[in-house]
Amino acid sequence: VFQNKINLIFVGPANWSKEYHTCSGKLQSPINIDEHNVTNVSLSPLRLIGIDNPHQSYVTNTGHTATLRTNESKAVMLSGGPLENIYVFEQLHFHWGENDHEGSEDLINNHSFPMEMHAVFYKEDYKSFNEALKHSDGLAILAYLYEVSPQPNPTYEPIVKVLPDIETMGKGKVLQEPLLLENVLVPDIAKIQDYFTYPGSLTTPPCLEVARWIDFKDHQQLSHDQLAAFRDLRNQEGDKLTHNFRPVQPLENREVLHNIL
Ligand code: 1SD
Ligand code: ZN
């Protein structure tokens with residue numbers, strides 16, 4: 001266990017580029033999005049297909065996060081906006097912090113949110129998620145930011161409810177009812193075209209620079225207790241998983257677009 005802990009510290013975010021040279025590229029994620037330094041654009045509508053049917057879904061503790069997948073492949077597809085092609089839903093997962101004042105990966109005007117959800121899609125032409133990782137236009141990732149609300153958000157209750165059952169790394173649990181992804185991915189149809197978008201990377205090693213990021217400007221709500229339920233998950237060492245976000249990376253020569261209606 002002692003040896004493992006040393007390895008874990010060694011491979012922490014600050015040391016990733018020693019182990020994975022791809023983690024020190026010029027298109028790394030996350031970033032701080034400075035709202036005063038974005039270019040306003042009006043792209044074609046972003047479209048999500050297949051979200052109006054409930055899909056049987058399961059949540060897994062990967063040791064780094066809780067990941068939700070559906071049993072049906074190609075259940076949900078994404079296109080439009082900055083995307084030139086069709087992208088297939090792979091999984092969604094969460095990043096959070098030790099308390100309600102930190103946790104998001106991307107920052108907005110240097111502000112951190114208590115949670116960020118990533119819905120990961122791969123380009124349909126590449127046939128599989130793993131193949132898509134080999135191409136610079138391989139992934140599209142929808143990012144949702146959360147703030148603390150006094151009331152629990154009912155949309156996330158089915159997910160939060162299974163977390164105690166998957167406390168240990170490697171455990172998974174099917175949700176009691178098929179999940180209507182529409183509520184999760186399009187919480188407010190009137191606000192879905194208001195987002196920031198930029199070219200970036202996976203936020204975990206090997207930090208591949210293959211992702212088109214789409215960060216919604218609208219914030220979602222979770223109660224303190226709902227957020228706290230994620231912090232009870234355990235990592236590989238059996239310790240509480242209380243900090244799974246990567247610090248922001250240099251913007252370098254990138255432009256962040258702000259899509260407006
Ligand atoms: O951190 C996730 C990681 O868990 C895995 O899901 C990977 C591939 O999808 O993506 C990264 S992230 O860049 O979506 N945060
Ligand atoms: Zn992520």
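Check the entry above for the structure.
Structural notes, computed from the coordinates. (Residues numbered from 1 in each chain as written. Chains lettered and ligands numbered in written order. Predicted model: local features only at pLDDT ≥ 70, side-chain atom pairs only at ≥ 80, totals over all residues. Heavy atoms only, no water.)

1. A word on the pattern of salt bridges
Then comes step 1: Under the definition given, this model contains 10 salt bridges.
Then comes step 2: Taking the shortest distance from any N to any O, the salt bridge between Lys-74 and Glu-124 comes out at 3.2 Å. With Lys-74 in the loop between strand 6 (66-70) and strand 7 (77-79) and Glu-124 in the loop between strand 10 (115-123) and helix 3 (129-132), the pair connects residues that are 50 residues apart, well separated along the chain.
Then comes step 3: Taking relative accessible area as the criterion, Lys-74 reaches 42% and is therefore assigned partly exposed.
Then comes step 4: Note on Glu-124: relative accessible area 24%, which makes it partly exposed. (Salt bridge = Lys/Arg side-chain N within 4 Å of Asp/Glu carboxyl O. Helix = DSSP H or I, 4+ residues; strand = E, 2+ residues; numbered from the N terminus. Buried < 20%, exposed > 50% of the residue type's maximum accessible area, 1.4 Å probe, protein only.)

2. So, the coordination of the zinc ion (ligand 2)
Then comes step 1: On the protein side, the zinc ion (ligand 2) has His-93 (NE2), His-95 (NE2) and His-118 (ND1) as donor atoms, found 2.0 Å from it.
Then comes step 2: Of note, the zinc ion (ligand 2) draws all its donor residues from one chain, in the sequence arrangement H-x1-H-x22-H. Placement of the pair is His-95 in strand 8 (residues 87-96) and His-118 in strand 10, with a sequence separation of 23 residues.
Then comes step 3: For His-95, a relative accessible area of 4% puts it in the buried group. (Donors = N, O, S within 2.8 Å, 3.2 Å for Na, K, Ca; no water.)

3. Notes on the pairing of strand 15 (residues 211-223)
Then comes step 1: Both strand 11 (residues 139-149) and strand 15 contribute to a ladder of 10 bridges, which runs parallel. Bridging from a neighbouring strand, Ile-141 pairs with Trp-213 of strand 15.
Then comes step 2: In this sheet, strand 15 lies alongside strand 14 (residues 195-200) in antiparallel orientation, the contact comprising 6 bridges. Considered in strand 15, the bridge of Gly-200 is made with Ala-211. (Pairing = 2+ DSSP bridges.)

4. Things to note about helix 6 (residues 224-231)
Residues three or four positions apart in an α-helix share a direction because the helix packs 3.6 residues into each turn.
Then comes step 1: Burial in helix 6 covers these residues: Gln-226, Leu-227, Ala-229, Phe-230 and Arg-231.
Then comes step 2: Here the buried face of helix 6 lies against strand 6, strand 8, strand 10, strand 11, helix 4 (157-162) and strand 15. (Contact = heavy atoms within 4.5 Å.)

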